[in-house]
Amino acid sequence: MIRLDEARTKQWLRQAGLPVPTGAAAVSAEAAGATVSSFAGPAVVKAMVPTGRRGKAGAVRLADDARARAQVARELLGTQVNGFPVDAVYVEECISIKAEYYFALVLDGAAPRLLLSRQGGVEIESLSRDTPEAIVQAFVDPLEGLAPWAASELWLQAGVASSEVPMLAAISCLLYDAFCRADGLMLEINPLAIDASGQAQIVGAMMGVDPHAMFRHPDWAQSRDPLPGNPRERAVELANRRSPNGECQYIELDGDIGLLVGGGGAGLYQHDLLLSFGGAPANHCVTPPLSADNSKLKAVLTAILSNPSVRGLLVGFNFAQMARTDVRVRTLVEVLDEMEVDTSRLPIVIRLFGAGEEQSRAMVEGRANIHYMPRGTTLREAAQRIVELTAAARQPNEAAA
Amino acid sequence: MSILVNASTQVIVQGITGVQAAFDTQWCLQYGTRIVGGVTPGRGGERVHGVEVFDTVRRATARHRVDASVLYVPPAAVKDAALEALDAGIRLLVVTAEYVPQHDVVTIVAAARRAGAHLVGCNTNGLIAPGLCKLGGIGGMSPAEIYVPGRVGVVSRSGGMLAEIGLALKAGGQGVSTAVGMGGDGTTGMEMKDYLLLFERDPETDATVLFGEPGTNNEQQVAERVASGSIRKPVVALIAGQFQERYPAGMSFGHAAAMITDDTKTASAKRQMLRSAGVHVVDSLEEISPLLKRLGL
């Protein structure tokens, strides 16, 4: 999920016709101060981080004139709020709030789920723990959308006054449409505030959108999570972002058996098998099935072999039905040579059958300690073999240490 | 016999002019699948491996009886292509694309259910009724080497593991009535229980094997049907991904669906749930065939 920041979320909702208070993002104290030229008067300055409980963390503060806005921005910028670095603040006109409601949409199953409550302003997690009956939940039929009468019924169930229902229903329908058009996976409006004049205002807004729908939202494509801190994980994620051909993933774990798998079911199965034989994977990974472009496969292999903990490598794939085996093995050989890996000290078990297998076997023939398993070897037998070989390879290293 | 397809199933391929589609079409034709047309807007009149290309699905259905469509269109085009096939009255859709936007997935899944159509996928490598018909890339260039005709129905989250199960059955002297890759996404058209209910009604299927992963309530639904008696044929289940329980919830390993969101979605919880419902849960592929034999199959 790509989390949009508060400015982007609110911009989207404003354009969808929703009542969003005037506000602007600022990345410097000066810019925060300069916001008075577009809206003067009472304002709040908030750390722009994708997390709740900002108020509790002291990251939402009142500031009226230019100097106060700049001062608060100066204090917040560069700090961390709930673990997120504050690279920008959001300056917004201050709304006097009479009541706080809650509205959310989640798409995590076969239909969008709507959650609403009359008790907004607190975290939904604590609300669902303490007073679950205060949350009204419903699924929306994706073919029908959210009808105003259905939304009215839900707000009535939530216990709001009849006089507020038409306004809340209209806003709910607008939010639903904005959520769908944004390819939203999560939209949380908390609080959905009622101001002193009785009008609804979108005061707190967070939205997460579908990373696989960025072809419809090119402006958001760069709003991705920060890169991982581990240099090998970072390199793989960069390779992943560089080209659109399939996806790769690399997650480093605490074992010493490198695991090169496709990433679907067989990856899970082999990981379980390694553990069952007393081995411990040094990573989990996903490599794309396409063989036209091997840059992602190469990035994952390079990461695995650069991990200083790795003492063995399992190249374990299902009986290849579509991809050619020789593309994978050629990439393996390339990376081994480029990195000058001494395989006499790093056992490699290959369990890879299918198209191109003869060429694949020829490519590794004569290389020390590369065990290309005979055709028909099961995933289980290959897993057992790499656990044994890695245990044997570990001994001299540990003796030396 | 088989579920969903048989020897007379007539098929179109949407996006047939693409590389993967053309490749798979060739091997499907060789296998004997009756591919009666392809669809690529703007390419009407061309031929791919002898198959006529139409501009729209309706043009193909006007010429041929079409029972099924295999969609090779890219993720961004899946929604329109699937709705077009449903609109033309096709009642079996196989959607191969991975990474289809969620909003598009829920739209086509709902549209298929409303139309009373079977939607396999998204993110599937297809299905095969050995000796009769194969849709999609399943089995690649050597389907007969992996899947031999027999009386075991197979449904799997993973196309690769489907092949491993096919090979394990073959090694044990058994065969497959129909093998389906249901797709690895969180939301799929047909769910695991839907396939098992079809196998239940298929007189040529004696038992089923399923391969599951952490995440989603697919296996829970199966357990409920087995416990309630609406699935009575023996079910053997292999659930991978127990290792994930060593790591924090919310971490995704591989398939989009294989993410644990709560304690009922772990591999261990699923195994336990299935076992108490009366499903035969195994830890490895090697156990499947001997187990089926012990059950007299």
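Reading the values: rules and limits
Residues numbered from 1 in each chain as written. Chains lettered and ligands numbered in written order. Predicted model: local features only at pLDDT ≥ 70, side-chain atom pairs only at ≥ 80, totals over all residues. Heavy atoms only, no water. Helix = DSSP H or I, 4+ residues; strand = E, 2+ residues; numbered from the N terminus. Buried < 20%, exposed > 50% of the residue type's maximum accessible area, 1.4 Å probe, protein only. Contact = heavy atoms within 4.5 Å. Axes fitted to C-alpha atoms, helices over the stretch in contact; angles between N-to-C directions. Parallel < 35°, antiparallel > 145°, perpendicular 65-115°, else oblique. Nonpolar A, V, L, I, M, F, W, Y, C, P; charged D, E, K, R; others polar. Buried area = accessible area lost by both parts, 1.4 Å probe. Salt bridge = Lys/Arg side-chain N within 4 Å of Asp/Glu carboxyl O. 1 Å grid on protein atoms, 1.4 Å probe; cavity = no way out; pocket = protein on both sides within 12 Å on 5 of 7 lines; lining within 4 Å. Points joined across faces, edges and corners; volume = space filled by probe spheres on them.

Colleague: What's the story with the environment of Pro19(A) in this structure? I'm lost.
Modeller: All names here are of chain A. Inspection of the secondary structure puts Pro 19 in the loop between helix 1 (6-15) and strand 2 (23-26). With a relative accessible area of 25%, Pro 19 lands in the partly exposed category. What Pro 19 contacts, discounting residues up to four positions off in sequence, is Ile 171, Ala 200, Gln 201 and Ile 202.

Colleague: Would you mind going over unusual backbone geometry with me for this structure?
Modeller: Note: most peptide bonds trans; most residues except glycine with negative phi. The residue after Asn190(A), namely Pro191(A), is reached through a cis peptide bond having omega 5°. Relative to the helices and strands, Pro191(A) resides in strand 11 (residues 184-195). Notably, His49(B) is not glycine yet its phi reads approximately 50°, a positive angle. Mapped onto the elements of the fold, His49(B) is located in the loop between strand 3 (47-48) and strand 4 (51-54). Overall, His49(B) belongs to the partly exposed group, its relative accessible area being 43%.

Colleague: What's the story with the packing of helix 7 (residues 231-242) of chain A against helix 9 (residues 295-306) of chain A in this structure? I'm lost.
Modeller: The description of two packed helices rests on the angle between their axes and on the distance between the axes. Residue and element names in this part refer to chain A. The geometry of helix 7 relative to helix 9 is characterised by a closest axis approach of 9 Å and an angle of 180° between their N-to-C directions. In terms of orientation, helix 7 and helix 9 fall into the roughly antiparallel class. From helix 7, Arg 232, Val 236, Ala 239 and Asn 240 reach across to helix 9, where they touch Lys 296, Ala 299, Val 300, Ala 303 and Ser 306. For the contact of helix 7 with helix 9, a count of residues per class yields 5 nonpolar, 2 polar and 2 charged.

Colleague: Mind showing me how you'd approach the interface of chain B and chain A here?
Modeller: Taken together, the contacts link 55 residues of chain B with 45 residues of chain A. Carbon and sulfur atoms make up 62% of the surface buried where chain B meets chain A, a total of about 3800 Å² over both sides. Of all residues in chain B, Tyr99(B), His103(B) and Phe243(B) bury the most surface against chain A, accounting for 18% of the area lost on that side. Counting every contact that joins chain B to chain A gives 6 salt bridges.

Colleague: Quick question: what am I supposed to make of the layout of surface pockets here?
Modeller: Here the idea is plain: a probe the size of a water molecule rolls over the atoms and shows the empty space left. Of the volumes computed, that of the second largest pocket is approximately 350 Å³. Around the second largest pocket sit 19 residues that line it, and Gly376(A), Thr378(A), Leu167(B), Ala168(B) and Ala171(B) are the ones nearest its centre. Within the residue set of the lining of the second largest pocket, elements represented by two or more residues are helix 6 (159-171) and helix 10 (288-294) of chain B. Residue contributions to the lining of the second largest pocket peak at 5 residues, all from helix 6 of chain B. Residue composition of the lining of the second largest pocket, grouped by class: 8 nonpolar, 5 polar and 6 charged.

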